[in-house]
Amino acid sequence: MTTRAAQDTPPPSAECTVAQRPEYAELHRTCRQTEDVPLPHGGGLLLMRRCGCTCHARAADVS
């Protein structure tokens, strides 16, 4: 069973996952998954979720 908090926080992008290693820290700047991308005519389904990395925290997430 998954917890609600795990469902609310999307996983980090591939770039941010690799950027957790010190020698690749600059990859955080190349991450482009800063917003959810909806599937056209998908009725609310997402084509791509935003990156869950804390370096991309939105103002609504920080409050």
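Residues numbered from 1 in each chain as written. Predicted model: local features only at pLDDT ≥ 70, side-chain atom pairs only at ≥ 80, totals over all residues. Heavy atoms only, no water.

Peer 1: Just to check I follow, could you spell out the overall build of the protein for this structure?
Peer 2: Along the protein, the regular secondary structure elements total three helices and two strands. Listing every helix and strand of the protein by position from the N terminus yields α-α-β-β-α. The buried share of the protein, taken over its 63 residues, is 17%. For the protein, the exposed surface amounts to about 5,000 Å²; the carbon and sulfur share of it is 58%. (Helix = DSSP H or I, 4+ residues; strand = E, 2+ residues; numbered from the N terminus. Buried < 20%, exposed > 50% of the residue type's maximum accessible area, 1.4 Å probe, protein only. Areas by Shrake-Rupley, 256 points an atom, 1.4 Å probe, with all protein chains shown as cover.)

Peer 1: Just checking my understanding: could you explain the environment of G52 for this structure?
Peer 2: Within the fold, G52 resides in the loop between β2 (46-48) and α3 (59-62). When the C-alpha atoms of G52 and C16 are compared, they prove to be 8.9 Å apart, with 36 residues separating the residues in sequence. Sequence-distant contacts of G52, defined by excluding residues within four places in its chain, comprise T9, P10, P11 and P12. (Contact = heavy atoms within 4.5 Å.)

Peer 1: Explanation requested: the environment of S13 in the structure shown.
Peer 2: With respect to the secondary-structure elements, S13 resides in the loop between α1 (4-8) and α2 (14-18). The class for S13 is buried, based on a relative accessible area of 2%. A C-alpha to C-alpha distance of 9.0 Å links S13 and R49, two positions 36 residues apart in sequence. The residues touching S13, leaving out its near neighbours within four places in the chain, are C31, Q33 and C51.

Peer 1: Would you take a moment to explain the environment of D8 for this structure?
Peer 2: Its location among the elements puts D8 in helix α1. Residues D8 and G52, spaced 44 residues apart in sequence, show a C-alpha to C-alpha distance of 9.4 Å.

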